[in-house]
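Results of the structural survey
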Amino acid sequence: MELTADLIMPEKSALIIVDVQNDYCHPEGELAARGNDVAGVKAMMPQLHGLIAAAKAHGVPVIYIQTFHEKATDSPVWTSRSGRGSLGVCRRGSWGAEFFEIAPLPEDIVVNKHRYSAFINTRLDSVLRSQRIETLIMTGVSTNVCVESTARDGFMLDYHIVMVEDACASYSRAAHEMTLENMKGYFGVVASAAEVEDNWNIWHQTALQNIL
């Protein structure tokens, strides 16, 4: 499937921003403190900020996904992930759980999640159905874990998926590229932020011509 203006029509698309939070992204966050390379986050932030601005300009809903972990959702299986090394990440009320270099506006939507996928036991699907969204434009961290998990579940729920390759980041280039290859092969479209913005502009110009 190719990226087209019709696929990401503003009234049918949403910009999904996954886990851009201090513990996952900040050089002093939990992931960096454990030796993970967050350089990819720094590289993706200009494209992400550009996409947010473009989405606002074209009336595309922006949905921020924010992870919270707390005792109430810490099942034995969940706390065993990463060899129990993720227990201190994004605890509710902590600095690490706060957004990193982005800030939702009052009109934006924030969906809290407690697992890798933003669809598991959250209101995301209800929000998207209520807004009549058909295409999810996926950004955030990490490409190969929470972004991919959310994209896969979205595809299984019959949403079109557009993975923005330079507005996602992982902690290794190999993991990032592997997910992009998988997305292209089975789950949707991989495109750059510039390609998404260009297609929104094409849609806008076409809409204006139809009005005139």
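**Comments concerning the pairing of strand β2 (residues 62-67)**
Across the six residues of β2, six count as buried, placing the element largely inside the fold. By the alternation rule, side chains of β2 split into V62, Y64 and Q66 and I63, I65 and T67, which are all buried. With four bridges joining them, strand β1 (residues 13-18) and β2 adopt parallel strand pairing. Residue I16 lies in a different strand from β2, and its bridge partner there is I63. Two strands pair when backbone bridges link them, and β2 and strand β3 (residues 109-113) are joined in this way by five bridges, in the parallel orientation. Across the sheet, I65 pairs through a bridge with V111, a residue of β3.

**Overview of the sheet that holds β3**
Judged by pairing direction, the sheet is parallel, and its six strands sit side by side in the order β3-β2-β1-β4-β5-β6 without closing on themselves. Unpaired on one side and paired on the other, β3 and β6 (189-191) mark the two borders of the sheet. Ignoring which end each strand starts from, the neighbouring axes of this sheet average 25° apart. Bridge count between strand β5 (residues 160-169) and β6: three bridges; the pairing is parallel. Across the sheet, the residue bridging to V162 is V189, located in β6. Along the sheet face, helix α3 (residues 39-58) touches β1, β2, β4 (135-141) and β5 and points at about 130° away from the line of β5. Across the face of the sheet, helix α7 (residues 173-187) comes into contact with β5 and β6 while running at roughly 165° to β5.

**Brief notes about the packing of aromatic side chains**
Scanning all chains against the criterion turns up five aromatic pairs. With a centroid separation of 4.9 Å and 65° between ring planes, the pair formed by W78 and Y116 is classed as edge-to-face. In this pair, W78 sits in helix α4 (residues 76-79) while Y116 sits in the loop between β3 and α5 (124-130), placing the two residues 38 residues apart along the sequence. For W78, a relative accessible area of 8% gives the class buried. Judged by its relative accessible area of 31%, Y116 is partly exposed. Ring pairing ties together the aromatic residues F155, Y186 and F187, which thus form one cluster.

**Remarks on the packing of helix α6 (residues 143-156) against α7**
Relative to each other, α6 and α7 sit at 10°, their axes nearing to 10 Å. By the angle class used here, α6 and α7 are roughly parallel. Of α7, the residues touching α6 (which contributes T143, N144, E148, A151, R152, F155 and M156) are A175, H176, T179, L180, N182, M183, Y186 and F187. Here the contact of α6 with α7 is composed, by residue class, of eight nonpolar, five polar and two charged.

Criteria and thresholds
- Think of each chain on its own: its residues are numbered from 1, step by step along the sequence as written.
- Under the rules for a predicted model, residues below a pLDDT of 70 receive no local features and side-chain atom pairs below 80 are neither given nor counted, while totals for whole chains, interfaces and linings still include all residues.
- Working from all heavy atoms in the structure, the side-chain values ignore hydrogens and water.
- Burial classification: accessible surface area is computed with a 1.4 Å probe over protein chains only, and a residue below 20% of its type maximum counts as buried, one above 50% as exposed, and the rest as partly exposed.
- Helix and strand definitions here come from DSSP, where helices need a minimum of 4 consecutive H or I residues and strands a minimum of 2 consecutive E residues; each element is numbered from the N-terminal end.
- At least two bridges found by DSSP between two strands is the condition for calling them paired.
- To get an axis, fit a line to the C-alpha atoms, keeping to the stretch in contact for a helix; angles then go from 0 to 180 degrees between the N-to-C directions.
- Contacts: residue pairs with any heavy atoms within 4.5 Å of one another.
- Stacked, tilted and edge-to-face are the three classes applied to pairs of Phe, Tyr and Trp rings, where Trp contributes its six-membered ring and a pair requires centres within 6.5 Å; stacked means planes under 30 degrees apart, edge-to-face means over 60, and tilted covers the rest.
- These descriptions rest on fixed angle ranges, namely under 35 degrees for roughly parallel, over 145 for roughly antiparallel, 65 to 115 for roughly perpendicular, and the rest for oblique.
- Following the grouping adopted for this structure description, the nonpolar residues are Ala, Val, Leu, Ile, Met, Phe, Trp, Tyr, Cys and Pro, the charged ones are Asp, Glu, Lys and Arg, and the polar ones are all others, Gly among them.

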